[in-house]
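Here's the letter readout for the chains.
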Amino acid sequence: MRNFLVGGITLIMSGLFLGCAPKKEASISDVASKVYVAPGSHDEFYVFFSGGFGGHVTVYGIPSGRILKVIKVFQQDPETGWGYSEETKPMLMTSLGFIPWDDTHHPWLSQTNGEHDGRWLFINANNVPRIARIDLRTFETTEIIEIPNSGGNHPSPYGTENTEYVVAGTRFSVPIPQRDVPVESFKENFKGTISFIKANEPGKMDVAFQILMPGFNYDLARCGRGPSHGWCFFTSYNTEQAHTLLEVNASQNDKDYIAAINWKRAEECVAQGKYKEIPATYYHNYYDEEKHMAISEVKKSVKMIDPKECPGVAYFLPTPKSPHGVDVSDDGEYIVGGGKLAAVIPIFSFSKMLKAIEQKAFEKEIDGIPVLKYDAVLNCEVEKPCLGPLHTEFDGKGYAYTSCFVSSEIVKYEYKTCKVVDRAPAYYSIGHLLVMGGDTRKPYGKYMIAMNKITKDRQLPVGPELLQSAQLYDISGDKIRLLSEFYTLGEPHYAQGILASKIKDNVAKIYPLEKNKHPFAVKSEKEARVERKGNVVHVYMSAIRSHFTPDNIEGVRVGDTVYFHVTNLEQDWDIPHGFAIMGAENAEILIMPGQTKTLKWVPKAPGVYPFYCTDFCSALHQEMQGYIRVSPAGSNVPLKYYTGLPSPQAQK
Ligand code: RUQ
Ligand code: CUA
């Protein structure tokens, strides 16, 4: 049967190729030219993919699909020393201790007036709830805030249209405050929270307030824009409040809810004192770019709003069935729910919602939150769209595109009328999709990317685990057209694309050496030195093409802890130096021009240990090396260091 089928297909294909070979070839080169970016020329878009369980963000150029950078976020990275160097360890501190791994899901680009402003990228950590800020001048993580009273920070960071806030929510409800209770007491003791985190000032992220929610699972979020600015929307599932075998027990209700949160109202309640300041321990970590050093601060309380005491802060929109994504149209008027078990895609109208609130068209109330009548808020339903609708984005021309996991496709429809106009396959089991700028007031359109969970048979096999794929589509015409496919690192739940022109001229090329305020920096080779303080040895080291100063060190003993503080004295773009030493237990460090980084090293046995530069920095890179002599504990070999001839002052 199989052979027969394959044979049949081959026949048809060869017929096609024989019959219309020239036409086919023309269309392939036409497609290929759309993704061809000549060597040396730049892509039109940056696209930031989440790294999922890898904890990172990957940057690609589109349309070529060329990888540009892996940004380290919730992880330790032996390549650069992120999370290993003394300067970056505080970035990964939390109330649960040093947490060097997490699961990133949703990148979100900062906005001004609902459009990308190219300043920052935010990304959530799902496991130990956190949100990170990445500075798009350096493409480095510069700030991480932990979210207290939370579990599974999935509906996050999805900010507001002037980046006033980024949001967080509990995919997993938990006892609030955390305490030791039986899991069976879920319905009484477990609660959800929705958090608004101040995001507009770098270095100053803070949980502005939290809203206490019923113990459901809050899954995804989008904030309004234009007319709906001031509101954010969160899907929920498991409104059954099951705590075991959710695949059955959380699929009972025909409708769950989208929570509509009026954050301007929440601000009023905070101003009027309608909240409780409750104890909560959480970390705020930020990287001081001049000190080249991360700083942690511990926060001790949070403002909690109970909707019962702040009427009007939250409403529920009944949504079929176990919804996943919620997305707001570019004009800010329509709210699309992706009911993954639903037969339709419901599209709600924001203005109808306001009217329904005014007319109190409520079905019931849950924990002080009115449930609006479905018919009163519905714009229309997309009928028989596909199987397993998840996520939706917009092209700025009145069309929405929804990804459908089960039927592996994307469906395109008019969101005002719910009329389906096109569909395209995705190989296979698509999760998120993105349209360039598709969550802003002014989508760029042009390209769409599908992020597919399963890629069996699409590429050369490489063992049981296959990378997930991204598929690039042209959406500039009436018909969706598949252009190319490339592979991604980790699990790219979601990605966001921005016009390169909004970022590229502002990107930093070096860190100015004169601004370096690292306490262990050296500004010239003359300042390089080694200092002993009891059992601690500080090496103030410089690196410049192609030597370290000092490059010979003696007088270190077993029992010492050595800190190599390496300053890269270069002030030229793309000239990092690396530093690696034999016996280092975790990482090397890569030091950018003008930067200082510190690697801790604890020698265990007497001997002479080489160190070297790991980054091919010049024709004499292989010569960029040195030695450190380690003597037995208690030895009296004097401290001595030099580069070139041992200097007399170093001898003393
Ligand atoms: S998820 S495939 Cu955003 Cu983590 Cu929807
Ligand atoms: Cu410095 Cu190689």
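Residues numbered from 1 in each chain as written. Chains lettered and ligands numbered in written order. Predicted model: local features only at pLDDT ≥ 70, side-chain atom pairs only at ≥ 80, totals over all residues. Heavy atoms only, no water.

## Focus on the sheet that holds strand 34 (residues 495-499)
Spatially, the four strands line up as an open sheet ordered 3-2-1-34, and their pairing is antiparallel. Whereas interior strands pair on both sides, the edge strands pair on one side only; in this sheet they are strand 3 (66-71) and strand 34. Ignoring strand direction, the axes of neighbouring strands in this sheet form an average angle of 25°. For strand 1 (residues 45-50) and strand 34, the ladder comprises five bridges, and the chain directions are antiparallel. Counterpart to Val-47 in the pairing with strand 34 is Gly-497. (Pairing = 2+ DSSP bridges. Helix = DSSP H or I, 4+ residues; strand = E, 2+ residues; numbered from the N terminus. Axes fitted to C-alpha atoms, helices over the stretch in contact; angles between N-to-C directions.)

## Overview of the layout of surface pockets
What the largest pocket holds in volume is close to 1300 Å³. Contributing to the lining of the largest pocket are 42 residues, with Lys-69, Thr-138, Phe-139, Val-507 and Trp-573 lying nearest its centre. Those elements that place two or more of their residues in the lining of the largest pocket are strand 1, strand 2 (57-62), strand 3 and strand 9 (140-146). No other element matches the five residues that strand 3 contributes to the lining of the largest pocket. (1 Å grid on protein atoms, 1.4 Å probe; cavity = no way out; pocket = protein on both sides within 12 Å on 5 of 7 lines; lining within 4 Å. Points joined across faces, edges and corners; volume = space filled by probe spheres on them.)

## Quick word on the packing of aromatic side chains
On inspection of all chains with the given rule, the structure shows 36 aromatic pairs. Judged by centre distance (5.4 Å) and plane angle (55°), the ring pair of Tyr-334 and Tyr-415 falls under tilted. Within this pair, whereas Tyr-334 is found in strand 21 (residues 334-339), its partner Tyr-415 is found in the loop between strand 28 (409-414) and strand 29 (419-425), the two being separated by 81 residues in sequence. The exposure classification of Tyr-334 matches that of Tyr-415, with both residues buried. Ring pairing ties together the aromatic residues Phe-548, Phe-564, Phe-579, Trp-601, Tyr-609 and Phe-611, which thus form one cluster. Just above the ring of Tyr-374 sits the side chain of Lys-255; from NZ or CZ to the centre is 4.5 Å. Positioned above the aromatic ring of Tyr-540, the side-chain terminus of Arg-529 is 3.7 Å from the ring centre. (Phe/Tyr/Trp six-rings, centres within 6.5 Å; stacked < 30°, edge-to-face > 60°. Buried < 20%, exposed > 50% of the residue type's maximum accessible area, 1.4 Å probe, protein only. Lys NZ or Arg CZ within 6 Å of the ring centre and 35° of its normal.)

## Details of helix 5 (residues 350-358)
Burial in helix 5 covers these residues: Phe-350, Met-353, Ala-356 and Ile-357. The buried residues of helix 5 occupy an angular sector of 115° when projected down its axis, which confines them to one face. Helix 5 presents Lys-355 and Glu-358 as exposed residues on the side facing more than 90 degrees away from its buried surface. Following helix 5 by one or two positions, Lys-360 has its phi on the positive side, about 50°. (Arc of directions from axis to C-beta.)

## Here's the deal with the state of the cysteines
Linking two cysteines covalently through their sulfur atoms gives a disulfide. For the structure shown, the criterion picks out four disulfides. For Cys-223, the disulfide goes to Cys-232, at an S-S distance of 2.1 Å. Between Cys-223 and Cys-232, the S-S torsion sits near 100°, and that sign places the bridge as right-handed. For Cys-380, the disulfide goes to Cys-418, at an S-S distance of 2.0 Å. Looking along the S-S bond of the Cys-380-Cys-418 disulfide, the torsion reads about 85°, which is the right-handed sense. With Cys-380 in strand 25 (residues 378-383) and Cys-418 in the loop between strand 28 and strand 29, the pair connects residues that are 38 residues apart, well separated along the chain. Grouping residues by exposure puts Cys-380 and Cys-418 together as buried. If the cysteines joined by disulfides in the chain are listed in sequence order, their pairing comes out as 1-2, 3-4, 5-8, 6-7. (Disulfide = S-S within 2.5 Å.)

## A few points about the site of ligand 1
Looking at ligand 1, the residues that line it are His-105, His-106, His-154, Leu-220, His-324, Leu-390, His-391, Gly-431, His-432, Lys-453 and His-493. Of all the cavities here, the one that holds ligand 1 is the second largest pocket. A per-class count over the shell around ligand 1 returns two nonpolar, eight polar and one charged. (Near = heavy atom within 4 Å. Sits in = over half its atoms within 2 Å of the grid points. Nonpolar A, V, L, I, M, F, W, Y, C, P; charged D, E, K, R; others polar.)

## Digging into empty space enclosed by the protein
Scanning all chains against the criterion turns up three cavities of 30 Å³ or more. In this model, the largest cavity occupies a volume close to 70 Å³. Lining the largest cavity are 13 residues, with Tyr-158, Arg-222, Asp-327, His-391 and His-432 sitting closest to its centre. One number sums up the size of the second largest cavity: a volume of about 60 Å³. Lining the second largest cavity are Trp-108, Gln-111, Tyr-158, Gly-159, Thr-160, Glu-161, Arg-222, Cys-223, Gly-224, Arg-225 and Asp-439.

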